[in-house]
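# Chain and residue survey
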Amino acid sequence: MSTPPIVDVQNLRKDYGEFTAVGGVNFSIEEGEVFGLLGPNGAGKTTTLHMLATLLRPTSGTAKVNGYDILDQPGKVRKSIGMVFQEPSSDDLLTGYENLRMHGLLYGVPTDSREKRIREVLELVDLTDRKDDLVKRYSGGMRRRLEIARGLMHNPKVLFLDEPTLGLDPQTREHIWKYVERLVVEQKISIILTTHYMDEADRLCDRIAIVDRGKIVVHDSPESLKHALGGDIIRLQISNPRLEVIKALPFVKKVEVHDATVSLTVEDASSHLQEILGMIGKVDGVELRPPSLNDVFLHYTGRVYREAEAEGGFWQRIMTAEARR
């Protein structure tokens, strides 16, 4: 008998008046899996996570987390999950240790094991030496690590990480990634990760769902999604491309034009680059590389992914929709 998924989402939908934040998504997550919701800000990732965490009630549909229904058994769902929010939520006026102790009290972590658990999670995120410092003296990366530790205090079956590296510098992001990788090995829990960083999803996730405008457009492993594109990417900066000539080449599988950039999906691109350049003449720039998740996003949504394109757009649309109600 197969093990049921640790998270099972069925037609989950959230509307705000006429605006649909999440448009009936379906997916499941296996125990021990890192599953990513990948897409620009405003795509519906955080709203989905908040519904799974019972912080928002869906307009329709439902889900089970650790076997518990988010509508009928919200208390049991909350005891099964840990959550790290986009915005800092630890108390500035308490120490790191005090934040963890308070969380343990709220979640009913038994007294005889609470101190041991605090020591374990502090060690896991390398904050043992700073546990008695006020949180307001922590750097952004230290605070995010504390919040990961807090989310693990009550031994959840599923950890929700909502944009865990948002606003952090590249070095700190790298450190957070390493902590997440350690969690999977040492804590043996399932993780749902929302992110709009393609490299983050590519590195950390066993499978990803690309979310765009409230819909899941495709989901699979990062490698499978990239492999499905069927070749390497050649990107040309050119003013007047001879598209018909390029499309006629048997090894060119796809041609896409965006402004003055032509993107080609090509079998064995390194062997055919010179032939392509010889046929189209002068170009202003050439890039040859294997396919990335950016290319996957472009393929399935028909538009170029830009991390900043939807900054602030989601909550602005919600406020507008609420004002019209």
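Further up the page is the structure itself.
Read on for an overview of the structure. By convention here, each chain's residues receive numbers from 1 onward along its written sequence. Local features in this predicted model are restricted to residues whose pLDDT is 70 or higher, and side-chain atom pairs enter the listing and the counts only when it is 80 or higher, whereas totals over whole chains, interfaces and linings include all residues. To get the side-chain values, all heavy atoms of the structure are used, and hydrogens and water are removed first.

On to unusual backbone geometry, then. At Asn11, a residue that is not glycine, the phi angle is positive and equals roughly 50°. With respect to the helices and strands, Asn11 occurs in strand β1 (residues 7-16). The phi torsion at Lys188 lies on the positive side, around 55°, for a residue other than glycine. Along the chain, Lys188 turns up in the loop between α6 (170-186) and β8 (190-195). The helix and strand labels rest on DSSP assignments: H or I over at least four residues marks a helix, E over at least two residues marks a strand, and numbering proceeds from the N terminus.

Now for the environment of Gly75. Considering the arrangement of structural elements, one finds Gly75 in helix α2 (residues 74-80). Think of it in three bands: residues with accessible area under 20% of the maximum for their type are buried, residues over 50% are exposed, and the middle band is partly exposed, with areas taken using a 1.4 Å probe on protein chains only. When its relative accessible area of 42% is taken as the criterion, Gly75 is described as partly exposed. Separated by 21 residues in the primary sequence, Gly75 and Thr54 have C-alpha atoms spaced 8.6 Å apart.

For two strands to be treated as a pair, DSSP must find no fewer than two bridges joining them. Ordered by their spatial adjacency, four strands build an open sheet running β12-β13-β11-β14, and the pairing between neighbours is antiparallel. Looking at the sheet topology across the chains shown, the edges are occupied by β12 (252-258) and β14 (285-289). Ignoring which end each strand starts from, the neighbouring axes of this sheet average 15° apart. Where β12 lies against strand β13 (residues 261-266), six bridges are found, and the strand directions are antiparallel. Along β13, the bridge assignment pairs Val252 with Val266. Only heavy atoms matter for contacts: two residues are in contact if any of them lie within 4.5 Å across the pair. Note on geometry: axes are lines fitted to C-alpha atoms, helical ones only across the stretch in contact, with angles between N-to-C directions running from 0 to 180 degrees. The strands touched by helix α10 (residues 269-280) within the sheet are β11 (232-237), β12, β13 and β14, with β11 carrying the most contacts at an inclination of about 25°. Across the sheet, helix α11 (residues 293-301) is in contact with β11, β12 and β14; its angle to β12 comes to roughly 85°.

Here we come to the packing of aromatic side chains. Any two rings among Phe, Tyr and Trp, with Trp reduced to its six-membered ring, count as a pair given centres within 6.5 Å; such a pair is stacked if its planes are under 30 degrees apart, edge-to-face if over 60, and tilted if neither. What the rule picks out here adds up to one aromatic pair. Arranged with centres 5.1 Å apart and planes meeting at 10°, the rings of Phe27 and Phe35 form a pair that is stacked. Pair check on accessibility: Phe27 and Phe35 agree, each one buried. The rule for a charge over a ring is simple: NZ of Lys or CZ of Arg within 6 Å of the ring centre, and within 35 degrees of the ring normal. Its end group placed over the ring of Tyr97, Lys131 keeps NZ or CZ at 5.6 Å from the ring centre. Sitting above the plane of the Tyr197 ring, Arg173 keeps its charged end 3.9 Å from the centroid.

Empty space among the atoms becomes visible once a probe the size of a water molecule is rolled across them. The space that makes up the second largest pocket amounts to roughly 230 Å³. The distinction between a cavity and a pocket rests on a 1 Å grid over the protein atoms alone: a 1.4 Å probe fits inside a cavity but cannot get out, while a pocket stays open yet meets protein on both sides within 12 Å along at least five of seven lines, and a residue with an atom within 4 Å of a point counts as lining. Contributing to the lining of the second largest pocket are Ala53, Leu55, Arg78, Ile81, Gly82, Met83, Phe85, Ser89, His103, Tyr107, Arg150 and Gly151. Counting only elements with at least two residues in the lining of the second largest pocket, the list comes to β6 (81-84) and α5 (140-152). Ranked by residues supplied to the lining of the second largest pocket, first place goes to β6 with three residues. Each residue is assigned to one of three groups, with Ala, Val, Leu, Ile, Met, Phe, Trp, Tyr, Cys and Pro labelled nonpolar, Asp, Glu, Lys and Arg labelled charged, and all others, Gly among them, labelled polar. Taken together, the residues of the lining of the second largest pocket break down into six nonpolar, four polar and two charged. Grid points are joined across faces, edges and corners, and a volume is the space filled by probe spheres set on the points.

In this text, buried Ala, Val, Leu, Ile, Met, Phe, Trp, Tyr and Cys residues form a nonpolar core when linked through side-chain atoms within 4.5 Å. Within the largest apolar cluster, 41 residues are counted, with the highest numbers of intra-cluster contacts made by Leu100, Ile148, Leu152, Leu161, Ile191 and Ile208. Not counting residues within four places of it along the chain, the set of residues in contact with Ile148 comprises Val84, Val125, Leu161, Ile176 and Leu183. In this structure, Phe27, Leu49, Met83 and Val211 belong to the second largest nonpolar core, which totals 26 residues.

This part is about empty space enclosed by the protein. Overall, the coordinates contain one cavity of 30 Å³ or more when judged by the stated rule. Put simply, the largest cavity is a space of about 40 Å³. What lines the largest cavity is Ala21, Val22, Val25, Phe27, Leu37, Ala43, Gly44, Thr48, Val211, Gly214 and Ile216. Taken together, the residues that form the lining of the largest cavity break down as eight nonpolar, three polar and no charged.

The values reported here are purely geometric and, on their own, carry no functional implication.
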